[in-house]
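Examining the three-dimensional arrangement
If you want the building blocks of each chain, they are given just below.
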Amino acid sequence: MLLYNTFKLSWFRGFVITVCFLLLAGCANLETVRDFAKQSASLASGSEAIDYWGKWGERSKRFDVVVARLPPHSGKKPEGVFGPITVPTKDEISAIKALQSVLSAYMSKLGALADDNLTDVSKQVDGLVENLNKLPSDMPEEKLKKVNTAYGTIIKLVKLPLEVYRHYEVRKLIQDNDENIKLLTEGLSSAIASLEKFSEQEKNSVLNWYEVTTNDYPEDKNFSSAYQWEKDRASIIQTYQGKTAALESYQQALRTISASHHKMAQDLGLFDSDSFKRLASSLVDARDQIVSAQNQYRKAFE
Amino acid sequence: MAPSINKQQQLVAKGYFTLANNYLDVYQTFSKKIQDPTTPNDDKVALYAQSKPILQQAYEFQRMGFKALTVELNTPVEELQSAVDDAAKTIKNIFRIGKVIEIAADLVGIAAVLAVPVIKPVTLAVLPKLVAELKNDVQDLKS
């Protein structure tokens, strides 16, 4: 009888170990997907460039100090910096921001679903086992602990089908939405690329204004006015420092998000270690690029 | 699920951004001339006056580009929003399984206090804390 029980136990244990192995072999660690998605969500949530674009008129007032310093010419004060006559409405700005926020929301949920801690029921089970041990029992304490630990191990097996289900959902989410992500990121990327050009030309617009205005309204030709002229010009250039480059990195990062998402849609189904390692390594590179673009963007638009 | 996008609208948004970019390129050539120290002052003033509508037009094309983009991306955005809602439900369902185990642990914890042969007031003192934990976990499960 004892031999039979021992055989039954070892057969069951072997079966459980085999099932665990098979299930876990099919469940690659998704932390690279999680990190990539979380950084993408964070990048997409930055809508400062859209606000910046919509407020050019307000921004041109910064140069009123320079205008005020210039002496009147033939009784006329110089004109301020030329800004757009019409500005986008609040609704237009909100509609554009909504495109970014849906991308951010999608990436944020993908990151949460790809978080391996989501299915980690071990802590809860440990709490259950601890409380089971406190229940009064006729069994000797050592034996009771062993039995309760065995219950806990069986409950922890809940994690395995949950893990398979979660991987299935991550893959389905990515594959179902790949085309939409491509359209959204590429559309936003073209828009940001155009804003990048606009930012560079805004700098030129201000410098052109400064060039023409200081010619029309010359200050006294002495050392201090020449110094002031250079100081003003340098301060104008400083205002635009880094913005064009930050927008360039931002739009490139959006393209990286699109390409990496597509790669995941194609390769995430292949859980053999080699293809997943390649995918994970490219996602790490993509994440680094996104983080660097994000830092550059924040610094330029803070 | 393939998004049903009006391809013509897609071309419209891209077309507007391309137009805006072309205008900005033209503006840049004006700027180079204006900022060139060898350009006579009168020419600078004339070029500056001529360049203003170019920049204004580029800005208008960008506005139209953004407007077209929000229209053409309407369907993908709606589909993505619905995918986000579904993913949130999946996350909640997975979270619930962990919560059910926590509730079982809470109940066993309470049973451990009540099932001892001789209940002492000292052991009963922990009950409110255990019940509060159970209540919180049930609340989390319901939310």
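An account of the accompanying structure is given in this report. Within every chain, residues take consecutive numbers counted from 1 along the sequence as written. The lettering of chains begins at A and the numbering of ligands begins at 1, in the order of writing. This being a predicted model, a pLDDT of at least 70 is required before a residue's local features are given, and a value of 80 or more before pairs of side-chain atoms are given or counted; all residues contribute to the totals for chains, interfaces and linings. Hydrogens and water are ignored here; the side-chain numbers use all heavy atoms of the structure.

Moving on to the overall build of chain B. Helix and strand labels come from DSSP, where a helix needs a run of H or I of at least four residues and a strand needs a run of E of at least two; each type is numbered from the N terminus. A tally of helices and strands in chain B yields five helices and zero strands. The secondary structure elements of chain B, listed N-terminal to C-terminal, are α-α-α-α-α. A separation of at least 24 residues holds for 70% of the contacts in chain B among residues at least 6 apart in sequence. Of the roughly 7900 Å² of accessible surface on chain B, 62% is carried by carbon and sulfur atoms. Residue contacts are counted whenever heavy atoms from the two residues lie within 4.5 Å of one another. Areas reported here follow the Shrake-Rupley algorithm with a probe of radius 1.4 Å; residue values treat only the protein chains shown as occluding.

Summing up its helical and strand segments, chain A has 12 helices and zero strands in all. Secondary structure elements of chain A, listed N to C terminal, follow the sequence α-α-α-α-α-α-α-α-α-α-α-α. Here's how the labels work: a residue is buried when its accessible area is under 20% of the maximum for its type, exposed when over 50%, partly exposed in between, all with a 1.4 Å probe on protein chains only. Buried residues in chain A amount to 45% of all 302 residues. Partitioning the contacts of chain A with sequence separation of at least 6, the portion at a separation of at least 24 is 87%. Carbon and sulfur atoms make up 57% of the accessible area of chain A, which totals about 15400 Å².

Every contact between the two is made by 56 residues of chain B and, on the other side, 68 residues of chain A. Once two parts are put together, the accessible area they lose, assessed with a 1.4 Å probe and summed over both, is termed the buried area. Around 5600 Å² of area is buried between chain B and chain A when both sides are counted, 71% of it from carbon and sulfur atoms. Within 3.5 Å is the distance limit for a polar contact, defined as a pair of N or O atoms, with the added protein rule that one can donate a hydrogen and the other accept it, and that residues adjacent in sequence qualify only through two side-chain atoms. At the boundary of chain B with chain A, the tally comes to 14 residue pairs in polar contact (both at pLDDT 80 or more). The set of elements that each furnish at least two residues to the side of chain B that touches chain A consists of α1 (7–34), α2 (41–72) and α3 (74–114) of chain B. In terms of residue count, the dominant contributor to the side of chain B that touches chain A is α3(B) (23 residues).

Glancing now at the side chain of Ser47(A). Tracing the backbone shows Ser47(A) in the loop between α2 (31–44) and α3 (48–54). With residues up to four places along the chain from it excluded, the contact list for Ser47(A) reads Lys97(A), Gln100(A) and Tyr297(A).

All names here are of chain A. Each salt bridge in this description consists of a side-chain nitrogen of Lys or Arg and a carboxyl oxygen of Asp or Glu lying within 4 Å of one another. Taken as a whole, this structure holds 16 salt bridges over all chains when the rule is applied. Residues Lys172 and Asp176 are paired through a salt bridge, measuring 3.5 Å at the closest nitrogen-oxygen approach. Taken together, the residues span about one helical turn, with Lys172 and Asp176 both in helix α9 (residues 159–216) at a distance of four residues. Residue classification places Lys172 among the partly exposed residues on the basis of a relative accessible area of 37%. Residue Glu200 pairs with Lys203 through a salt bridge whose shortest N-O separation is 3.6 Å. Within this pair, Glu200 and its partner Lys203 are both found in helix α9, separated by three residues, close to a single helical turn. Judged by relative accessible area, Glu200 falls into the partly exposed class, the value being 25%. Via salt bridges that share partners, Arg34, Asp35, Lys38, Asp115, Arg287 and Asp288 belong to a single interconnected network.

With that settled, the discussion passes to the packing of α2(A) against helix α11 (residues 243–267) of chain A. Residues and elements named next belong to chain A. For the pair α2 and α11, the least separation of the axes is 11 Å and the interaxial angle reads 145 degrees. Judged by the sense of rotation from one axis to the other, the crossing of α2 with α11 is left-handed. Residues Val33, Phe36, Ser40, Leu43 and Ala44 of α2 lie in contact with α11, whose contacting residues are Tyr250, Ala253, Ile257, Ser260, His261 and Met264. Three classes are used, and their members are as follows: Ala, Val, Leu, Ile, Met, Phe, Trp, Tyr, Cys and Pro are nonpolar, Asp, Glu, Lys and Arg are charged, and the others, Gly among them, are polar. For the contact of α2 with α11, the residue count by class is eight nonpolar, three polar and no charged. Axis definition: a line fitted to C-alpha atoms, over the contacting stretch in the case of helices. Angles run 0 to 180 degrees between N-to-C directions. Here a crossing is taken to be left-handed if its near helix is turned anticlockwise relative to the far helix by less than a right angle, and right-handed if that turn runs clockwise.

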